[in-house]
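Each chain, letter by letter, is given below.
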Amino acid sequence: MRPEITTLLDACRQGEASARDLLFERIYTELKRIARGTLRRSGPQLTISPSTLVHEVFLRLAGRDEAALADSRHFYSLIAAAMRQIVIDLGRRLATAKHGAGLRRVEMTDGLELGGVALEALLELDQALKHLQDCDAELAELVEWHFFAGLSFAEIGSLRGVTERTVRRHWETARIFLCDALPAGPG
Amino acid sequence: MDTPLSPALWRRLRPLLDAAQELPAEAQAQFLAGLAPEQAELRPLLERLLHRARQPHLLDTPIVAELAARAAAEHEQRVEAGPRSGDCVAGYRLIEALGSGGMGVVYRAGRVDADFAQTVALKLLRDAGPGARARFERERRILAPLRHPNIAQLIDAGHSEQGEPFLVLEFVEGQPLTDYARARALPLERRLRLLLAVAAALAYAHRHLVIHRDLKPSNVLVSGDGHVKLLDFGIAKLLADDDAPLLTRQGVGPMTPEYAAPEQFRGEPVSVATDVYQFGVLAFVLVAGRLPYAGDPREPLAWARAVSEDEPLTLNAARRRSDTAAAAPAPRRAPWRDLDAVLRKAMAKRADDRYASMDALAADLLAVLESRPVGARRAGLGYHALRFAQRHRVPVAIAAVAALGLLAFAALALQAAQDARREAQRANATISFLERLFDAADPGSNRSDKLTAATLLERGRRMLDADDAGADLLLRARLHGVIGKIHLATNDWAQAFPQLERAIADYDAGGGAAPAVLAPLLERAAWAAQRTSHSVQARAWLERLDVLLPALGAEGEDIAIDAWLTRALLLRDDRNYSAGLAQAERALALARRRHGEDSLRAAFVLGRVQNLQALLRRYDEAEASLRRARAIYAAHYGEDHIQVVTLDAQLATQLLSRGRLAQARPALEDSARRLRAIAGERSYAYANHLLELAKLDSRDGLHARALERLALAADIFAETAGAASMPQTMALWTAAGVELAAGDAAAARARLERVREQLLALVAADSRVIAELGVDIAAAELAQAHEAEAAAALDRALPALEAEPASRALALGLRLRGELAQRRGEAAASWFARALAAAESSFPADAAELSAYRRAARP
């Protein structure tokens, strides 16, 4: 047992880096556990949608903890960040495999491909997103939610207390920023 | 990418961009044209950005989120599957996954290059965030300087080929403290002793400025032989650590609520006192079978309040409320109040009120164990008087009889009667066990037509395994011991060893046994262990035995004779013959003193002495010892006795060792025939003899027959001493020698590799026997013209051969041959000089001849 989610969230809000790390790790673990459970139930074809996965992680961790439920936005942000971390890690692993740093690697990631997404593009996007975080954290969070965690604009709207249209507009802005921050050429 | 946008610039751009985006595309140009003068400079940038909006992008594909979900699932699957057993991580071969947490997996592993054959626990951190990496690194730094028998030792650390950090820790095979105690229903006293070991480990850590701060049963493992190991310093804190930004900060730290101290709930700094508190809870749980507070640790707030405010339950109250199987079985007059006082002081709410050190706590625990006054209890006259009475129970009891008359006497008598009844029950149970053993063998109920000792033993073992003997540990111990000793009597060590091992474990778990019972058992067990190549276990038992023997007086001396002989055998296995001989001679002196010069005991010991003398090439002494022993046996038993035949076989073997081949063959063949007839064609003694015959065959060029004999011997050894046991391995090694002599170096090399693998499981990697094997391997390599491999093997072997001049000379000679084969004259000359010097010191008889060579070799 580790400290309560509420305690961690509180500490997180007060800028405790260690609390954020602990919470992040917990979410990361929970994400993987739930995803794995789904995979086990549904066979090789993953049927859970990313947004369902994210919601499930939230409910599992927040439980009946009212403070945590009330702080859902912060929480979702962490979950989305964890999703981003997972996919970037995957990219890195594949990159390692590609460069022949270990045969084992290739085998481990067998059957797990980047679905046609160029690895370099993914890693560049991650870099651009870091830049956006420095310039406009709110837009960056939106990208994590939508792009990495698969939350719909409507879901994001209700989390942020704004209309779906507003979210869509912000998305456009974020998209412009990222496109601009990326190296030239179609992504 | 054009110039990257700075945060300041973005703040200016964003409102304009938002406004422009609201507009239809055709109106945007107009909007940009109409920018205020101070924003005009932003125009090209805005144009560029608005243009980006029309570019297709990766961001528009929803695939990445799916990918993340899928990667999460795959990752988990992969961690579950692990890097698989058989894989290597930075020079360690993974054997099996032991468990996995959120961030990593722990494997059982061993060194690939087998520089040490030790099993280790390898903790591999996989795909974890920076926090986990930091914790991992801290664990390494904290553990590195800690070396204590009760702390799982850090052996190695580093990064895998994939860049994942790993720690290599001593492999601890054991159960969590509470499970261990519960499974064995350990009595109070033994539980307190385990706690003292934990306290010693903590005190040591504290002296090294490390606090554990996550004590709990699962972090204290107890091995089968009762040894305690403290593990998981993963969240430990270095007291002197200033740069511990993340983990030791007040507020949130990882903790286990059940065992957390009040200050941990309050987010205050932790200190030595925190470990003292946690130790108190651990001790409480181990003794009482439950936690010290009434609440439920799964309710965080209520539990935190209980820890911070409630007084702990008294041990007696807690024991009444706990699951009886978990609490320590305790004597009627257990020192509950003293223990309560000690544990309460350990679990004081204020850190300052607790024991100032683990040593102080341990001192009080020891006082409880020894019924001395404890510091934690306010000392009063009545209290000391009570302690005094307990320490000197018998005299006080007599005084009490005088004072109270019959009442107290009746109480004493009752106790004695109860003891007697327990013992009688045990005896009855033994008898009924034996009866059932024979019942089952009765032809009426069982179709087996012949009742042999072997079937009876087999049946007895099965009944014991099926718990037919009931839960009385001491009874079980006794039965295991009997079965084990019967197996020993038939030289069936492989069967005897596990039985004797169980007997000892059951005695230990059942509260121990009198030295008079335990000592002979330990001695027999050590012997069986040596015979079945469990040399570490054999040494451990002999050490325990050393402590017991002085208490046994004359009876202990007989046991000592056998124990020293077993020790001699262990040293012999390690090829430390001179130390082995010293042990055997010590045993001989004692045997002669106790039983007489011509006693059978003396003859038996002489047999061992001569064996070591022969190995040291002191053949004349060996032969004299042997003839002496043979004479004693023949006088007692007559000519056709196994002992006499065995000795004849040894005499024949010595003829062979001394190169008297003409005499050796008839002698060996004669004794082989007699051994086979008397000991049996699948007996250990016969197999041993086959080995000698094979050597003789090989010398005579009859390689195929030698290999046949060796295959049979290996087979018998595998049956009698165990597959991959020392004798079986020796048979393989001998076979490799024959193959080499027969010119089949490749086969020899392959077989030697198998020998090496088996040996590494039996002896330490730096032992002399491994070095000697290295010399043979080098010979096999040289025979295949693999000079480099041979040189490497020899260079590895030479340091361990300092004290073994003959092998050393051989090794140096081989080294020389390798250099000569490569025509490296200068190197060869230097090896020649060294080889010659070694040969002269080891074969003085041949020195003259060697000197002639030396002269001849001079340029």
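Residue positions are given per chain, counting from 1 as you read along its sequence in written order. Written order decides the labels, with chains lettered from A and ligands numbered from 1. Side-chain atom pairs in this predicted model are given and counted only at pLDDT of 80 or more, local residue features only at pLDDT of at least 70, and totals for whole chains, interfaces and linings cover all residues. Only heavy atoms go into the side-chain values, all of them from the structure, while hydrogens and water stay out.

### Overview of the overall build of chain A
Working step 1: Each helix and strand in chain A was counted, giving 10 helices and 0 strands.
Working step 2: Counted from the first residue to the last, chain A has its helices and strands arranged as α-α-α-α-α-α-α-α-α-α.
Working step 3: When a residue's accessible area, from a 1.4 Å probe over protein chains only, is under 20% of the maximum for its type it is buried; when over 50% it is exposed; and in between it is partly exposed. Expressed as a percentage of its 187 residues, the buried residues of chain A come to 58%.
Working step 4: Residue pairs in contact within chain A that sit at least 24 positions apart in sequence constitute 59% of those at least 6 positions apart. Only DSSP runs of H or I reaching four residues or more are called helices, and only runs of E reaching two or more are called strands; each is numbered from the N terminus. For this analysis, residues touch if any pair of their heavy atoms sits within 4.5 Å.

### Some remarks on the overall build of chain B
Working step 1: Summing up its helical and strand segments, chain B has 37 helices and 11 strands in all.
Working step 2: In chain B, which comprises 859 residues, the proportion classed as buried is 50%.
Working step 3: A separation of at least 24 residues holds for 60% of the contacts in chain B among residues at least 6 apart in sequence.
Working step 4: On chain B, roughly 39100 Å² of surface is accessible, and the fraction owed to carbon and sulfur atoms is 55%. Per-residue accessibility takes into account occlusion by the displayed protein chains alone, with areas from the Shrake-Rupley method and a 1.4 Å probe.

### With respect to the sheet that holds strand 10 (residues 228-230) of chain B
Residue and element names in this part refer to chain B.
Working step 1: Taken in spatial order, the 3 strands make up an open sheet running 7-9-10, and their pairing is antiparallel. Here the strands that pair on one side only, and so sit at the sheet edges, are strand 7 (174-176) and strand 10. Strand-to-strand, the axes of this sheet are offset by a mean angle of 35°, without reference to chain direction.
Working step 2: Should DSSP find at least two bridges between two strands, the strands are taken to pair. Sheet topology places strand 9 (residues 220-223) next to strand 10; 3 bridges connect them, and they run antiparallel. For every element, the axis is a line fit to its C-alpha atoms; helices are fit only across the contacting stretch, and the angle between N-to-C directions ranges from 0 to 180 degrees.

### Here's the deal with the side chain of Glu523 of chain B
Working step 1: Relative to the assigned elements, Glu523 of chain B resides in helix 21 (residues 515-531).
Working step 2: Setting aside its immediate chain neighbours within four residues, Glu523 of chain B contacts Leu545, Ile559, Asp562, Ala563 and Thr566 of chain B.

### Examining the environment of Val270 of chain B
Working step 1: With respect to the helices and strands, Val270 of chain B occurs in the loop between helix 9 (262-265) and helix 10 (272-288).
Working step 2: Residue Val270 of chain B is classed as buried on the basis of its relative accessible area of 11%.

### Quick look at the UniProt feature "coiled-coil region" (unreviewed entry) in chain B
Working step 1: UniProt positions are given in the numbering used here, feature names are shortened, and annotations may be inferred rather than shown by experiment. UniProt's entry tags residues 410-437 and 738-765 of chain B with the feature "coiled-coil region" (unreviewed entry), counted in the numbering of this structure.
Working step 2: For the annotated span residues 738-765 of chain B, helix accounts for 79% and strand for 0% of the residues, and the straight-line distance between the end C-alpha atoms is 25 Å.

### As for the packing of aromatic side chains
Working step 1: Within 6.5 Å between ring centres, the rings of Phe, Tyr and Trp (the latter by its six-membered ring) count as paired, and their orientation is classed by plane angle as stacked under 30 degrees, edge-to-face over 60, tilted in between. Counted according to the given criterion, the structure contains 8 aromatic pairs over all chains.
Working step 2: Both rings, one in Phe147 of chain A and one in Phe148 of chain A, keep their centres 5.0 Å apart while their planes meet at 85°; by these two values the pair is edge-to-face.
Working step 3: Among the residues examined, Phe147 of chain A registers a relative accessible area of 2% and is labelled buried.
Working step 4: Between the aromatic rings of Tyr633 of chain B and Tyr637 of chain B, the centroid separation amounts to 6.0 Å while the plane-to-plane angle is 15°, which identifies the pairing as stacked. Of this pair, Tyr633 of chain B and Tyr637 of chain B are both found in helix 26 (residues 619-637), 4 residues apart, which corresponds to roughly one turn of the helix.
Working step 5: Judged by relative accessible area, which is 40%, Tyr637 of chain B ranks as partly exposed.
Working step 6: The positively charged end of Lys345 of chain B is found above the aromatic ring belonging to Tyr355 of chain B, 4.9 Å away from the centroid. Distance and angle both matter: a charge sits over a ring if NZ of Lys or CZ of Arg is within 6 Å of the ring centre and within 35 degrees of the ring normal.

### Topic: the environment of Glu47 of chain B
Working step 1: Mapped onto the elements of the fold, Glu47 of chain B is located in helix 4 (residues 43-52).
Working step 2: Through-space distance from the C-alpha of Glu47 of chain B to that of Ala29 of chain B is 8.3 Å; in sequence the pair is 18 residues apart.

### Focus: the environment of Leu369 of chain B
Residue and element names in this part refer to chain B.
Working step 1: By the secondary structure assignment, Leu369 is in helix 14 (residues 358-369).
Working step 2: Counting along the chain gives 181 residues from Leu369 to Leu188, while the straight-line C-alpha distance between them is 9.2 Å.
Working step 3: In this structure Leu369 touches Glu189, Leu192, Arg193 and Leu196, once residues within four positions along its chain are discounted.

### Considering unusual backbone geometry
Residues and elements named next belong to chain B.
Working step 1: For Ser533, which is not glycine, the phi dihedral falls at a positive 65°.
Working step 2: Ser533 sits in the buried class, given a relative accessible area of 12%.
Working step 3: In this structure, Ala724 takes a positive phi of about 60° despite not being glycine.
Working step 4: Within the secondary structure, Ala724 is located in the loop between helix 30 (703-720) and helix 31 (726-741).
Working step 5: Residue class for Ala724 comes out partly exposed when judged on its relative accessible area of 32%.

### Side note on helix 9 (residues 153-160) of chain A
All names here are of chain A.
Working step 1: Of the residues making up helix 9, those classed as buried are Phe153, Ile156, Gly157, Leu159 and Arg160. For helix 9, the angular spread of buried residues about the axis comes to 165°, placing them on one side.
Working step 2: One or two steps after helix 9, the chain reaches Gly161, where phi turns positive at roughly 70°. In this context, the arc is that of the directions from the helix axis out to the C-beta atoms.

### Examining the nonpolar core
Working step 1: Ile27, Leu132, Val143, Phe147 and Leu178 of chain A are the most contacted members of the largest nonpolar core, which totals 76 residues.
Working step 2: Examining the composition of this core, we find that 12 residues originate from one element, helix 5 (residues 72-98) of chain A, more than from any other.
Working step 3: Domains are outlined according to an automatic or database domain assignment. Two domains each donate at least three residues to this core, and these are domain 1 (7-55) and domain 2 (65-170) of chain B.
Working step 4: What Leu132 of chain A contacts, discounting residues up to four positions off in sequence, is Ala137, Leu139, Ala140, Val143, Ala174, Phe177 and Leu178 of chain A.
Working step 5: By size, the runner-up hydrophobic cluster in this structure holds 73 residues, among which are Ala181, Val228, Leu313 and Leu369 of chain B. Residues grouped as a nonpolar core are buried Ala, Val, Leu, Ile, Met, Phe, Trp, Tyr and Cys residues, joined through side-chain atoms within 4.5 Å.

### Focus: helix 34 (residues 787-797) of chain B
Each α-helix winds once per 3.6 residues, and so residues spaced three or four apart point in a common direction.
All names here are of chain B.
Working step 1: Along helix 34, the positions that sit buried rather than exposed are Glu787, Ala790, Ala791, Ala793, Leu794 and Ala797. End-on, the buried residues of helix 34 take up no more than an arc of 165°, which puts them together on one face. Seen from the open side of helix 34, the exposed residues pointing more than 90 degrees away from its buried face are Ala788 and Arg796.

### So, the pairing of strand 6 (residues 165-170) of chain B
All names here are of chain B.
Working step 1: Within strand 6, 6 of the 6 residues are buried, leaving the element largely enclosed by the surrounding structure.
Working step 2: With 5 bridges connecting them, strand 5 (residues 154-159) and strand 6 associate as antiparallel partners. The residue bridging Asp156 from the neighbouring strand is Val168, located in strand 6.

### Structural notes on the pattern of salt bridges
All names here are of chain B.
Working step 1: One side-chain nitrogen of Lys or Arg within 4 Å of one carboxyl oxygen of Asp or Glu is enough to make a salt bridge. One pass over the full model with this rule turns up 50 salt bridges over all chains.
Working step 2: Measuring nitrogen to oxygen at the nearest pair gives 2.6 Å for the salt bridge that ties Glu639 to Arg630.
Working step 3: A relative accessible area of 44% means that Glu639 is categorised as partly exposed.
Working step 4: For Arg630, a relative accessible area of 18% puts it in the buried group.
Working step 5: Of the charged contacts in the structure, one is a salt bridge between Arg665 and Asp697, with a shortest N-O distance of 3.0 Å.

### Some remarks on the confidence of the model for chain B
Residue and element names in this part refer to chain B.
Working step 1: When pLDDT is averaged along chain B, the result is 77; 78% of the residues meet or exceed 70.
Working step 2: Taken as a whole, residues 378-421 scores under 50 in pLDDT and shows 25 contacts with residues more than four places along the chain or in a different chain.
Working step 3: In predicted models, pLDDT denotes the confidence assigned by the predictor to each residue on a 0 to 100 scale. Confidence over residues 852-859 falls short of pLDDT 50; this stretch has 5 contacts with residues more than four positions distant or in other chains.

### A look at the side chain of Arg290 of chain B
Residues and elements named next belong to chain B.
Working step 1: In this structure, Arg290 sits in the loop between helix 10 and helix 11 (300-309).
Working step 2: Buried charged residue Arg290 carries no salt bridge. Nearest counter-charge: Asp296, at 9.3 Å.
Working step 3: A polar atom in the side chain of Arg290 sits 2.7 Å from the backbone oxygen of Tyr293.
Working step 4: In contact with Arg290, other than residues within four places in its own chain, are Phe284, Val285, Leu313, Ala318, Arg321 and Ser322. Positive charge is attributed to Lys and Arg, negative charge to Asp and Glu, and no charge count is given to His or to the chain ends. Two N or O atoms count as a polar contact when they lie within 3.5 Å, although within protein this holds only if one can serve as hydrogen donor and the other as acceptor, and sequence-adjacent residues are included solely when both atoms are side-chain atoms.

### What to know about the packing of helix 33 (residues 768-783) of chain B against helix 34 of chain B
Residue and element names in this part refer to chain B.
Working step 1: Here helix 33 crosses helix 34 at 165°, and the two axes come no closer than 8 Å. Overall, the two elements helix 33 and helix 34 adopt an arrangement that is roughly antiparallel. The element helix 33 and its partner helix 34 pack so that their crossing is left-handed. Taken together, the residues of helix 34 that come into contact with helix 33 (itself represented by Ala771, Gly774, Val775, Ile777, Ala778, Glu781 and Leu782) are Glu787, Glu789, Ala790, Ala793, Leu794 and Ala797.
Working step 2: Put simply, Ala, Val, Leu, Ile, Met, Phe, Trp, Tyr, Cys and Pro go in the nonpolar bin, Asp, Glu, Lys and Arg in the charged bin, and everything else, Gly too, in the polar bin. For the contact of helix 33 with helix 34, a count of residues per class yields 9 nonpolar, 1 polar and 3 charged. Each angle receives one of four descriptions, namely roughly parallel if under 35 degrees, roughly antiparallel if over 145, roughly perpendicular if within 65 to 115, and oblique otherwise. Working rule for handedness: look at the near helix, and if it is turned counterclockwise from the far one by less than a right angle, call the crossing left-handed; if clockwise, right-handed.

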